[in-house]
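Listed here are the chains, written in short residue letters.
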Amino acid sequence: MAKAKTQFICQNCGTVHSRWAGKCDGCGEWNTIVEEDPMGGIGGGPGKTPKKGRAVTLTALSGEIEEAPRIPTGMAELDRATGGGFVRGSAVLIGGDPGIGKSTLLMQAAAALSRKGHRVIYVSGEEAVAQVRLRAQRLGAAETDVLLAAETNVEDILATISEGKRPDLVIIDSIQTLWSDTADSAPGTVTQVRTGVQAMIRFAKQTGATMVLVGHVTKEGQIAGPRVVEHMVDAVLYFEGDRGHHYRILRTVKNRFGPTDEIGVFEMSDKGLREVANPSELFLGERNEKAPGAAVFAGMEGTRPILVEVQALVAATSLGTPRRAVVGWDSSRLAMILAVLEAHCGVRLGQHDVYLNVAGGYRISEPAADMAIASALVSSLAGLALPADCVYFGEVSLSGAVRPVSHTAQRLKEAEKLGFSAAVLPAASAELPKGSTGKWREVDSLPDLVARIAGSRLKARNDQEDG
Ligand code: TYD
Ligand code: MG
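All figures in this text were calculated on a predicted structure; none of them were measured in a lab. (Residues numbered from 1 in each chain as written. Chains lettered and ligands numbered in written order. Predicted model: local features only at pLDDT ≥ 70, side-chain atom pairs only at ≥ 80, totals over all residues. Heavy atoms only, no water.)

J.: So what's going on with the layout of surface pockets? Which residues, and what values?
T.: The space that makes up the largest pocket amounts to roughly 570 Å³. Along its surface, the largest pocket is lined by 24 residues, and Asp97, Val217, Lys219, Tyr238 and Glu240 are the ones closest to its centre. When contributions to the lining of the largest pocket are tallied by element, the ones reaching two or more residues are strand S11 (235-241) and strand S12 (247-255). Taken together, the residues that form the lining of the largest pocket break down as nine nonpolar, six polar and nine charged. A domain split of the lining of the largest pocket shows at least three residues from each of domain 2 (70-277) and domain 3 (282-466). (1 Å grid on protein atoms, 1.4 Å probe; cavity = no way out; pocket = protein on both sides within 12 Å on 5 of 7 lines; lining within 4 Å. Points joined across faces, edges and corners; volume = space filled by probe spheres on them. Helix = DSSP H or I, 4+ residues; strand = E, 2+ residues; numbered from the N terminus. Nonpolar A, V, L, I, M, F, W, Y, C, P; charged D, E, K, R; others polar. Domains from an automatic or database assignment.)

J.: Tell me what's going on with the site of ligand 1, and back it up with residues and numbers.
T.: In the vicinity of ligand 1 lie 17 residues, with Gly99, Lys102, Ser103, Thr104 and Ser269 positioned nearest. Within the contact set of ligand 1, an oxygen atom lies 2.7 Å away from a backbone nitrogen or oxygen of Gly99. About the coverage of ligand 1: the protein hides 75% of its 550 Å² of free accessible area. Examining the composition of the shell around ligand 1, we find that three residues originate from one element, helix H2 (residues 102-115), more than from any other. Looking at the shell around ligand 1, its residues break down into four nonpolar, seven polar and six charged. (Near = heavy atom within 4 Å. Polar contact = N/O pair within 3.5 Å; in protein donor to acceptor, adjacent residues only side chain to side chain. Areas by Shrake-Rupley, 256 points an atom, 1.4 Å probe, with all protein chains shown as cover.)

J.: Describe the state of the cysteines, with residues and values.
T.: Counted according to the given criterion, the structure contains zero disulfides. Cysteine Cys13 shares no disulfide, and the gap to the nearest cysteine sulfur, in Cys27, comes to 3.6 Å. Given a relative accessible area of 25%, Cys13 falls into the partly exposed group. (Disulfide = S-S within 2.5 Å. Buried < 20%, exposed > 50% of the residue type's maximum accessible area, 1.4 Å probe, protein only.)

J.: Requested: an account of the side chain of Gln176, with residues and values cited.
T.: Relative to the helices and strands, Gln176 is located in the loop between strand S9 (169-173) and helix H5 (190-207). Within the structure, Gln176 has its side chain in polar contact with the backbone oxygen of His216 (distance 2.8 Å). Residue contacts for Gln176: discarding those within four places in its chain leaves Pro187, Gly188, Val193, Val214, Gly215, His216, Ile223, Ala224, Gly225 and Pro226. (Contact = heavy atoms within 4.5 Å.)

J.: Lay out the sheet that holds strand S23 (residues 439-443) with the relevant residues and their values.
T.: Taken in spatial order, the seven strands of this open sheet run S17-S18-S16-S15-S19-S22-S23, and their pairing is mixed. This sheet does not close on itself; its edge strands, each paired only once, are strand S17 (324-327) and S23. Strand after strand, the sheet turns through a mean of 25 degrees between neighbouring axes, direction not considered. Summarising the sheet, strand S22 (residues 422-426) and S23 pair through five bridges and their orientation is parallel. Its bridge partner lying in S23, Val424 is registered against Arg441. In the packing of helix H9 (residues 408-417) onto the sheet, contacts are made with strand S15 (294-301), strand S16 (304-316), strand S19 (390-392), S22 and S23, and the angle to S15 comes to roughly 125 degrees. (Pairing = 2+ DSSP bridges. Axes fitted to C-alpha atoms, helices over the stretch in contact; angles between N-to-C directions.)

J.: Any chance you could break down the packing of aromatic side chains for me, citing the residues and the numbers?
T.: Tallied over the entire structure, the rule returns one aromatic pair. Seen from their ring centres, Phe239 and Phe266 are 6.0 Å apart, and the 75 degrees between their planes marks the pair as edge-to-face. Residue Phe239 is located in strand S11, and its partner Phe266 is located in strand S13 (residues 263-269); the two are separated by 27 residues in the primary sequence. Phe266 carries the same exposure label as Phe239, and that label is buried. Over the face of the ring belonging to Phe393 we find Arg411, whose NZ or CZ atom lies 5.3 Å from the ring centre. (Phe/Tyr/Trp six-rings, centres within 6.5 Å; stacked < 30°, edge-to-face > 60°. Lys NZ or Arg CZ within 6 Å of the ring centre and 35° of its normal.)

J.: Quick one: what's the story with the sheet that holds S11, residue by residue and with numbers?
T.: Judged by pairing direction, the sheet is mixed, and its nine strands sit side by side in the order S8-S7-S9-S10-S6-S11-S12-S13-S14 without closing on themselves. Two strands bound the open sheet, and with one partner strand each, they are strand S8 (147-150) and strand S14 (272-275). On average, each strand axis in the sheet is tilted by 25 degrees relative to the strand beside it, whichever way the strands run. Alignment of S11 against S12, held across seven bridges, turns out to be antiparallel. Bridge pairing links Phe239 to Leu250 in S12.

J.: Run through the nonpolar core, naming residues and quoting values.
T.: If you look at the biggest cluster of nonpolar residues, it comprises 64 residues, and the most contacted ones within it are Leu341, Tyr362, Ile364 and Leu377. Per-element accounting of this core gives the leading share, eight residues, to helix H8 (residues 370-382). Of the residues that make up this core, three or more belong to each of domain 2 (70-277) and domain 3 (282-466). If you look at the next biggest cluster of nonpolar residues, it comprises 32 residues, including Leu139, Val146, Ile171 and Phe266. (Core = buried A, V, L, I, M, F, W, Y, C linked by side-chain atoms within 4.5 Å.)

J.: Tell me what's going on with empty space enclosed by the protein, and back it up with residues and numbers.
T.: Counted under the stated rule, the structure contains three cavities of 30 Å³ or more. Volume-wise, the largest cavity comes out at about 70 Å³. Surrounding the largest cavity, 14 residues form its lining, Arg287, Ala294, Leu386, Pro387 and Ala388 being those nearest its centre. Of all elements in the fold, only S15 and S19 reach the threshold of two or more residues within the lining of the largest cavity. In terms of residue count, S15 provides more of the lining of the largest cavity than any other element does, three residues in total. For the lining of the largest cavity, the class distribution of residues is 10 nonpolar, one polar and three charged. Its volume calculated, the second largest cavity comes out at about 50 Å³. Lining the second largest cavity are Arg70, Thr82, Gly85, Phe86, Val87, Ser90, Val92, Asp234, Ala235, Asn255 and Phe257. Residue composition of the lining of the second largest cavity, by class: five nonpolar, four polar and two charged.

So, in structure tokens, the structure goes:
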């Protein structure tokens, strides 16, 4: 037999290298490459003689489905993110930074399902039983029939959950603590995590139990991140949030059984996570309507409209190279908007520092925010507050043209619902809501938008002089 050869595997993305390197070519992360023995991995690798295969029974597509294919938790925000509840026999990965609230969320979900009569097993590899109990008490979940185990060995976990009646839901917290006798690498390495996750997925497919796997996102790369198992599971949800803020977003990034652009919004309180049915109110909560540099963006998250305030501060710089700082948005996108403002609108920002912030610690990923950002920038530079009852959306192209975006009607409807009576939106937007009384001002280019904001300044000054 050939000598066992070790491989060098990136703990962040799983790329295999022939030798050690400081930086992974696959994902660009530093110090994430670890030497591992691939023979110890799934199926023993190519070194072992394959056993003779066993024929499985082939079945038809049109079979009986005995149970409801989904089990909704009754937590509306969680069910929305999973596409209507956990799918039986599927594996769901919930990733997120340590301390963001993954265990809290899953304990609440476990309790909710247990109250509905489902058999739920919570396997904690990070906390002792007493600690998990303490959290359950705090969440008001202690009286439920959730079954608890503190275990990290894959074979022991499989033996435990195979015993007795089949569970409806199994929670493994977390995949990084799993270790199997069949893999030789240290716990937390790519090989161990993959082996453990594979075994759990196999259990889910065979029995029809739903497997929920918790994965910590790691910055240092000492342990394998959730990235390395994303392709193996049926759905991937990320739990995001800012430590400085209380709200958390559960974002779907992959779902074999539902939409992928949905989010669930929660707020962390002293009694666990509270569902936030109307996120816009949360993000507009502390608005100062008279301050220049703030614009309300009518955004979309999946099928759900969200209004959020963007704040800009443009101030004369004292440095040779002006500062550009962005929180909650893409900095290269900001550079593009600044360039378009300079090139096509005559707005000179070369001598100004620009700071941009999205309120509430929220992150915008839509290009439709361009118009709101540009409005906030111009408003701050001009020292002029934008109308308090107006929302902004639209994509800006490099030529300075404003392009229509999707879901116009939904954005405007949400704005109206929250008391906004005006909107600045791209010209040629289709599907304006019928019968609405709002003032929808269409602009077709960024210079047009800047002229409007500057024009309102002249108008304001004239009004002042008149009055
Ligand atoms: P946890 O669920 O342990 O995070 P994770 O499993 O993602 O590592 O949540 C830990 C944080 O949540 C911790 O900082 C305390 C906070 N927390 C509350 O604010 N309220 C609560 O009721 C609970 C249970 C936790
Ligand atoms: Mg935890």
